[in-house]
Every structure is written in C-alpha cells, then in structure tokens.
Amino acid sequence: MVAPIGRRGFVARGAAGAAALSAGLWPLRSSHAAATMDFDEARHLLSRTTFGATPAEIRALEAQDYIATVDRLLASVRRNAVTPSPGWLNEGPAELQRQVQAARAEAAEKKTGVDGKPLQPERPLQEQGRELRNWWIEEMLATDQPLTERMVLFWHNHFTSSLMKVRFPPSLFRQNALFRREALGNFATLLKEVARDPAMLIYLDGMRSVARQPNENFARELLELFTLGEGHYSEADIKAAARAFTGWTVDRQTGHFRTRDNEHDGGEKTFLGQTGRFDGDAIVAILLKQPRTAETIVEKLWREFVSLKPDPAEVKKLAAQFRANYELRPLMRAILLSAQFRDPANRGALIKSPVELIVGTVHLLGLPVPEKTQLVRMMIGLGQMPFDPPNVKGWPGGESWITTYTLLLRQQFLRRIVEATTVASMEGAMMSSPQNRRIERREQLPMRSDEGTMQMAQPTAEPRPVEGRSLRYAGDEARLGPTLSGVDSATLLRTLLPRAPIDTVDPARTPGATVAAAMLDTAYQLK
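As the structure is a prediction and not an experimental result, all values here were calculated from the model.

Draft legend 1. Just the pattern of salt bridges, in detail. In the structure shown here, the tally under the stated rule is 25 salt bridges. Close ionic contact of E263 with R212 constitutes a salt bridge, the shortest N to O distance being 3.2 Å. Remark: R212 occurs in the loop between α11 (198-203) and α12 (217-227) and E263 occurs in the loop between β2 (257-259) and β3 (269-271); sequence separation between them is 51 residues. The exposure class of R212 is exposed, given its relative accessible area of 69%. A salt bridge links K316 to E295; the nearest nitrogen and oxygen atoms lie 3.3 Å apart.

Draft legend 2. Focus on the environment of K289. With respect to the secondary-structure elements, K289 resides in the loop between α14 (280-288) and α15 (291-305). On the accessibility criterion, K289 (57% relative accessible area) is exposed. Along the chain, K289 and R323 lie 34 residues apart, while their C-alpha atoms are 7.6 Å from each other.

Draft legend 3. Main features of the nonpolar core. W155, F159 and F187 are the most contacted members of the largest nonpolar core, which has 130 residues in total. Dropping the residues within four chain positions of it, F159 is found in contact with Q175, F179, F187, L190, L191, V194, M200 and F226. Ranked by size, the runner-up nonpolar core spans 6 residues in total, among them I351, W401, I402 and L526.

Draft legend 4. Geometry of α14. Along α14, the positions that sit buried rather than exposed are G280, I283, V284, I286, L287 and L288. Where α14 begins, the side chain of D279 points an oxygen toward the backbone nitrogen of D281, at a separation of 3.3 Å.

Draft legend 5. Fine view of the packing of aromatic side chains. Counting across every chain of the model gives 15 aromatic pairs. Ring centres 4.9 Å apart and planes at 75° place the aromatic pair F154 and W155 in the edge-to-face group. Each member of the pair, F154 together with W155, is buried. Of the aromatic side chains, those joined through ring pairs into one cluster are F154, W155, F159, F179, F187, F218, F226, F245, W248, F257, F322 and Y326.

Draft legend 6. Here's a closer look at unusual backbone geometry. The phi angle at D205 is positive, at roughly 65°, despite the residue not being glycine. Along the chain, the position of D205 falls in the loop between α11 and α12.

Draft legend 7. How the structure looks around helix α10 (residues 187-196). Of the positions making up α10, those classed as buried are F187, A188, L190, L191, V194 and A195. The buried residues of α10 occupy one face: seen down the axis, they fall within an arc of 160°. Sitting at the amino-terminal end of α10 is N186, which places a side-chain oxygen 2.9 Å from the backbone nitrogen of A188.

Draft legend 8. Broad picture of the confidence of the model for the chain. On average, residues of the chain score 84 in pLDDT, and 79% of them are at 70 or above. The low-confidence segment residues 28-32 (pLDDT under 50) makes 15 contacts with residues lying over four places distant or belonging to another chain. Counted against residues more than four places away or in other chains, residues 421-475, with its pLDDT under 50, gives 139 contacts.

Reading guide: rules and limits
Along every chain, residues carry numbers that run from 1 in the direction the sequence is written. Since the coordinates come from a predicted model, pLDDT governs what is reported: local features require at least 70, and pairs of side-chain atoms require 80 or more to be given and counted, while whole-chain, interface and lining totals use all residues. Side-chain descriptors were evaluated using all non-hydrogen atoms of the structure, hydrogens and water having been removed beforehand. A pairing counts as a salt bridge when a side-chain nitrogen of Lys or Arg comes within 4 Å of a carboxyl oxygen of Asp or Glu. Working definition: helices are DSSP H or I runs of at least four residues, strands are E runs of at least two. Numbering for both runs from the N terminus. Exposure categories follow from relative accessible area, calculated using a 1.4 Å probe and restricted to protein chains: below 20% of the type maximum is buried, above 50% is exposed, and the middle band is partly exposed. Note on terminology: a nonpolar core comprises buried Ala, Val, Leu, Ile, Met, Phe, Trp, Tyr and Cys residues joined through side-chain atoms within 4.5 Å. Here, residues are in contact when the closest pair of their heavy atoms is within 4.5 Å. A 3.5 Å cut-off defines polar contacts: any pair of N or O atoms within that distance qualifies, except that in protein one atom must be a possible hydrogen donor and the other a possible acceptor, and neighbouring residues in sequence count only when both atoms are side-chain atoms. Aromatic rings from Phe, Tyr and Trp, taking only the six-membered ring of Trp, are treated as a pair when their centres fall within 6.5 Å; an angle between ring planes under 30 degrees marks them as stacked, one over 60 as edge-to-face, and anything in between as tilted. This arc corresponds to the set of directions leading from the helix axis out to the C-beta atoms. Each residue carries a pLDDT value, the predictor's own confidence for that position, ranging from 0 to 100.

Below you can see the structure in the form of structure tokens.
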C-alpha cells in the first residue's frame, strides 16, 4: 500500500475525485436512465439512506425496480422508536434538581470505600446524558428503518439544541421523538412544534423572553438558520419576531411548554413587510409563505443526500413543489429519483460523519456492542457528540469532517475494529424484526478493552459465530462470519467501497484480506 494521504489529498482524491472510478469493478453506467438497479446503484441508495449495507441487503435490492424500491423505502419510515425509553423520562426538572443537590451533598461528605479510597459521587445529569446518547445509538443499530434515524440526525443538526445548555435530558429525548414523528412528515408542522419545543426554548433563551425585555436569540436563528438564511431579512424583522414569541415558556415543574399571556407583547408589529398583532404562530405562517424557506430546506437536504453543490435550477423546481404543502416525503422522493442522485459521478462524493462511520461499521460487520458508551466516546473523539452540536449552526459537515487530526483518529478507530479478536453475528441484520434484533443484541457478550484494542469476551455457553480475528497477530486475514462469508472478494470490495480504492487493494486476494484492506482504505470513509 502507498503511504496514507493527508486531509488535502483525501478531499481532492476522495470526495472531489469520485469521477476517477475504476473501469473494472466500478463501471461508469448511466444508471439514471435504467428502470432497475445493478449492485452498485443499490449500494449507493443504501449508503445514503441507511447506516452501512451488507452484501445480502444490497443483493435484496439488486435488479429491483428503482422507483418502486424508493417508494417502499419512504413508505416504511416509522414514527416511533423501537428501543424502550429511559426510565427517567417522566421525571420533572424539580426531581432532577433534587437528585443533583443530593449528589452534591454526598460529594461534600467525602465518603470513602472499604479500601479507604474516596467514593466517586453520583452525577445524575451526566448519567442521564450518557443513557440518552446510548439509547439513540442503540436505536440507530436496532431499528428496522434506518432512514428514519438518518432523518432524525438531519433534523437534530438543523434545529440544534445542546444538552450542555438545556441540562434536562427528558426535553432532549422528547425533541428527538418530535424529529422522529415528523422525520418525513410535514415541515410546516415540524417548524410550528419546534417553536414550542421546551428544549429549543431553553437552548435559545426563549423561555425568559417577556414583553418588557424580548430575547432575540430564537428569532434570529429562526430566520437565519431554520428558514430564510442570511441576507433575506432585516434586524427590524428579528426584533418584531422576538416580540411575537414573548410569553412562550417552559413549566418549571413539568418541563412542558406553556404560555404566559401577561408576558406576551400583543402590540402591532411589522414583519417581512406585513403588519399586524402577530404572535409566534403568525410569524411561522408568514415564513412558510416565503419562497426562500422552501429553498433553504431543499438545499440542505441536497447537501446531505446528493452532493455538496446543489443544482440551482433543480433546487428552485423542487422548492416550488415543496412549498405547496411542505410534505417531506414527496420532496425526498423527488431527490432520490433525480438524475443527479443516480449519477454515478456522485457516488463516493460525500464524507461519512462520525456517527455514520461508526454506526455503519458496527452494522456492516455485525459487531455486538451492548454498552454503547465506547462508541459514543469514539464519535466525540472524531468531532460529533450526539445531543451536543458545537453551536447553533450545528456540525458543518462536508469536508470539515476531515482534518489531519481526525483522519488519523478515523484510521485508528477502523484499525481497532478490524483487529477485534472475535465478532459475533447479528443474524438477519436489517431483515430481522426489531424485537428479535433487540433480543439478539441483549444476548451479546460485553466488550472488554485490552491495551486500547476492541475485543469481545469469549463465550461461556454455546459459542456465537466468529466474524473477525486480530489482524495484528494473524497477518492480513480476517475470518468472516454470516454477514460476509461466502462472498467473493470482488463483491466484498464493491460492498465496502463506494468507489475505487485510494490505495492498492488487490481483489484477487482472499475475502478476509480484502475486507481488512478495504476497511483501512481511505475510500471506505466516503459514501
């Protein structure tokens, strides 16, 4: 293999250089004109709408009618999570505060254990935050409809809120549930609900916005980030919108939304050229009538699912259709059926986010990881902490995912994965029922860590299928289990990579060696 490339080379030769595909394994085919999918197009569709794809999942779509497949994919989006919610969900802010105060009092006593060492005090807020992140990662892995979670992640990055600022995990959980209910529902409904969302009201200081002192934070981000974008409004519009949302707050006992009419500014306001005694709902309604709002959402979805350079003509056409009723499912259908999405030149043109890279790898290999904290830590190290985006603009994504530092960390993570001593299978993968998949995952053995290498505990009862073996001690061979066994090396290479490898990967090698080399190739980090 050649020496690892740096950030500039990765971006130039990977994301921007996707047109230089191999004519042998990755033939350039004008697939957008074909009614049915070949292996590579099926892989592309799954890579953009799920978290990784096994050969069996790709084969299940191969030779299927493309339009019918997209329709089935969009029709199956679920509105509720399959993973049980955390036990503290119905506790109010007052109960959490009581627990925090009790923990502080216990810490002040400086108790010691039987060994004489100081006991570590409980940290209720941090523990609930850990459980919340682990819960969502589990849902990403256990769901039978991963497109749902891809959309939840998209909305989480559009309507940002941070646990670090909100400091009440149940509110973030309910916001996450809102994103799931409207993942491919109606954007107008989602926008109205977000304006009332307790996590958002706390995050952008809306809960303290009153008539005598309107807070402009939510109004500014509503216009700049959520709808119109910079340059399409004035400072006067921000001030008018801030006045309209005064009196919208959060009940301190329940943590739910409430209004305080005596704190609302009911006076006349002028917003985007219209004058009236507007409240928050009226402001949202005016924004939804602006052509720019629909264009903003179409552009962001385009960058997420198609390419980093939206087609202006296509954006305007799709936005005009979208603004008629703001239904998201027809919009996503149009995007997935577009010639640009199906263009082979756009395969491997996007960089996987840390969440996509880690969750996708675990799903693809069937890695049993009952305790998700280790995965979350890896995501944090790579620059993406779920429920804690860096600022109100969210994660910038795109080429910003890759720096010299994060590229090195990504390679280290993948090497730890391929060096796992044993990997048990999640039989059935995406095809099994959510209930069975959860049962299977609970039955997996706990992970232990030895000298920084991800390892799985050896079974004490009937052994599970082995799907990997340490490459450090076994050369470049990886033993393959049910998800990848019986698949030829060329197909494995096309499964793991969206484009020709950046380094040299010989498809004539054994399947185990091919899997190891492909995962460590930089092109594996593209989608």
